[in-house]
Amino acid sequence: MKLTYLLLAGVMASGAVVAADEAVENPVTEKGVVKIEWKDPKSFRDVKAASDIQSRYEMRTFETLTKNLNKEASKILKPNQKLEMQVTDLDLAGDVRPTFGATTSDIRVIKDIYPPRITFTYTVTQDGKTVMAGDEKLTDLGFMHSIGRMNEKPTRYESKLLADWLKKSVAPQL
């Protein structure tokens, strides 16, 4: 009888862990003048967590990218303008590699051969009217040589990729 209760408790506990790791289908992050819908993150090329629960890592990554993009966009966009994006693919710089027991988690190895990539559609609106729109597929093959001083911030390469896009593509057209 006790064994039955133990098995039942184990099944219920494992169900709670699985439920905690389930992610929102298409999460949306919004900060200031930037709103991003992350379309089907499970199909993204590489947003793999090295040492965290996958869904929590994804949301933290999405929120950080939105916050960093908002910081740059608020300098470029005019009053009453808003940037809305629908991200369809994201490939973080580096690649997650197993440590084969050397540590309790995997590690993300950053090398030139694993550049950051992001694919998205965007619209810039002003007072509800579309000012500009387009599709982008960004890659920074020289990401290891363009970040400047040592920077340990998460998503630094991807944030720089988006900030450069804003400055070179969006700002001149506004």
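Residues numbered from 1 in each chain as written. Predicted model: local features only at pLDDT ≥ 70, side-chain atom pairs only at ≥ 80, totals over all residues. Heavy atoms only, no water.

## Some words on the nonpolar core
Within the largest apolar cluster, 29 residues are counted, with the highest numbers of intra-cluster contacts made by Leu83, Met85, Leu90 and Phe120. Where this core is concerned, the elements lending two or more residues are β2 (34–38), α2 (54–76), β3 (81–91), β6 (117–126), β7 (129–139) and α4 (156–170). Tallying contributions element by element places α2 first for this core, with 6 residues. Setting aside residues up to four positions removed in sequence, Leu83 forms contacts with Val33, Val34, Lys35, Leu69, Leu77, Tyr122, Thr123, Val124, Trp165 and Leu166. (Core = buried A, V, L, I, M, F, W, Y, C linked by side-chain atoms within 4.5 Å. Buried < 20%, exposed > 50% of the residue type's maximum accessible area, 1.4 Å probe, protein only. Helix = DSSP H or I, 4+ residues; strand = E, 2+ residues; numbered from the N terminus. Contact = heavy atoms within 4.5 Å.)

## Digging into a positive patch on the surface
A surface patch of like charges, here positive, comprises Lys31, Lys67, Lys71 and Lys153. Its location among the elements puts Lys67 in helix α2. (Patch = residues over 30% accessible without salt bridge, like charges linked within 9 Å, V, L, I, M, F, W, Y side chains within 5 Å. Areas by Shrake-Rupley, 256 points an atom, 1.4 Å probe, with all protein chains shown as cover. Salt bridge = Lys/Arg side-chain N within 4 Å of Asp/Glu carboxyl O. Lys, Arg positive; Asp, Glu negative; His and termini not counted. Charge placed at Lys NZ, Arg CZ, Asp CG, Glu CD.)

## Structural notes on the confidence of the model for the chain
Taken over all residues, the pLDDT of the chain has a mean of 85, while the share at 70 or more is 83%. Counting contacts from residues 5–9, a segment whose pLDDT is below 50, to residues more than four positions away or on other chains yields 0 contacts. Scored below 50 in pLDDT, residues 13–21 makes 4 contacts in the model with residues more than four places away or belonging to other chains. (pLDDT = per-residue confidence, 0-100.)

## Points about the sheet that holds β3
With mixed pairing, 5 strands are arranged side by side in an open sheet as β1-β2-β3-β6-β7. The sheet is open, and its two edges are formed by β1 (28–31) and β7, each paired on a single side. Ignoring which end each strand starts from, the neighbouring axes of this sheet average 15 degrees apart. Pairing of β2 with β3, which is carried by 5 bridges, proceeds in the parallel orientation. Note that in β3 the partner of Ile36 across the bridge is Met85. (Pairing = 2+ DSSP bridges. Axes fitted to C-alpha atoms, helices over the stretch in contact; angles between N-to-C directions.)

## A look at the pairing of β2
Regular strands place their side chains on alternate faces of the sheet. Only one face of β2 is buried: it carries Val34, Ile36 and Trp38, and the other face, with Lys35 and Glu37, is open. Pairing of β1 with β2, which is carried by 4 bridges, proceeds in the antiparallel orientation. Across the sheet, the residue bridging to Thr29 is Ile36, located in β2. In this antiparallel pair of consecutive strands, β1 and β2, the connection spans 2 residues, and Gly32 shows a positive phi of 60 degrees. Handedness of the crossover is the feature at issue here: the chain leaves β2, passes through α2, returns alongside β3, and the resulting connection is left-handed. (Right-handed = clockwise from strand over helix to strand, strands pointing away.)

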